[in-house]
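Summary of the model geometry
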Amino acid sequence: RLSTGVGCDLQADDFAHLAALLSDAGWKVRMHGCEELANFGAVAVDLHADRLTDLLEDDSAFVRGSACEALGVSPDAVRASEARLLRCLQDEHELVRSCACQALCYSSEAVLAHSAQLAPLLRDDSDLVRWVACRALCQAKDAVVPHLPMIREWVQGEPERCIREVLVKLLETVGEPEDVALIRAARKCMKSEHEGLVMVPGLQSN
């Protein structure tokens, strides 16, 4: 018998009907199967991690995203599917990119290990992906430190205010004392842009 960690023990056979859902012809059914396995916890996910990993390449973005979320329930499953989850960070659909980011960032150690892949997501086209990556990197300052010079350059040169907002938030959370002047200048610049006073191609921190 298997302990689900939620107060009851289940047989592996108890998840058999969910495994069948993962191979159903309907994408909504496959998505539901991923969600149900995730609800049962790491034990259920580990039993069907191989099939969930295969679903990271499903035709439906909603299934791919749900598979990422299900795998994220189990650190063991994430480690086993790591290479394919990392590929999902480049998926064409923002839902999949954000779910893959969340799955890969199950601990500060994991964030540190994947910081090189996470940092570029701070400038993703999607607000959702940018903020998920920001929250993940805020968990582990050590993961951000190697990228601080690049992030400072992005803050100074990024023309999109919505992207600068994420970068500045990250600097405010895990930056160094030397970043205070840059943060203040960026905040002042973004406030002026919001009020329609200026359109700034860059900014000065001095």
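Everything here concerns the structure above.
Note that the structure is predicted; figures quoted are calculated from it, not measured.

1. Overview of the pattern of salt bridges
As enumerated under the stated definition, the model contains 15 salt bridges in all. The partner of Glu178 in a salt bridge is Arg152, with the nearest N and O atoms 3.7 Å apart. Of this pair, Glu178 sits in the loop between helix 14 (161–174) and helix 15 (180–194) while Arg152 is found in helix 13 (residues 148–157), placing the two residues 26 residues apart along the sequence. A residue is classified by how much of its surface remains accessible, and Glu178, at 60% relative accessible area, is exposed. Salt-bridge contacts for Glu165 lead to Arg187; the nearest nitrogen and oxygen are separated by 2.7 Å.

2. Quick look at helix 14
If you check helix 14, its first and last C-alpha atoms are 20 Å apart, about what 14 residues at 1.5 Å a residue would give, namely 20 Å. Every buried residue belonging to helix 14 is among Ile163, Arg164, Val166, Leu167, Val168, Leu170, Leu171 and Val174, and all of these are buried. In this structure, the buried side of helix 14 is in contact with helix 11 (127–138), helix 12 (141–144), helix 13 and helix 15.

3. Regarding the packing of aromatic side chains
Counted by the stated rule, this structure contains 1 aromatic pair. For the ring pair Trp27 and Phe62, a centre distance of 5.4 Å and an interplane angle of 25° mean the geometry is stacked. With Trp27 in helix 2 (residues 27–40) and Phe62 in helix 5 (residues 61–71), this residue pair connects regions lying 35 residues apart in the sequence. Overall, Trp27 belongs to the partly exposed group, its relative accessible area being 34%. Of the residues examined, Phe62 reaches a relative accessible area of 41% and is grouped as partly exposed.

How each quantity is defined
Residue numbers here run from 1 along each chain, matching the order of that chain's written sequence. Restriction of local features to residues with pLDDT of at least 70 applies here, the model being predicted, together with a cutoff of 80 or more for giving and counting side-chain atom pairs; totals for whole chains, interfaces and linings are based on all residues. Calculation of side-chain values draws on the structure's entire complement of heavy atoms; hydrogens and water are dropped beforehand. By definition here, a salt bridge exists when the distance from a side-chain nitrogen of Lys or Arg to a carboxyl oxygen of Asp or Glu is within 4 Å. Segments assigned H or I by DSSP are reported as helices when at least four residues long, segments assigned E as strands when at least two residues long, and all are numbered from the N terminus. For every residue, the accessible area (1.4 Å probe, protein chains only) is compared with the maximum for its type, and the residue is labelled buried under 20%, exposed over 50%, or partly exposed between those bounds. Expected span, for any helix, means 1.5 Å times one less than how many residues it has. We call two residues in contact when some of their heavy atoms are within 4.5 Å. Under the pairing criterion, centres of Phe, Tyr and Trp rings, with the six-membered ring standing for Trp, must be within 6.5 Å; the plane angle then separates stacked pairs below 30 degrees from edge-to-face pairs above 60, leaving the rest tilted.

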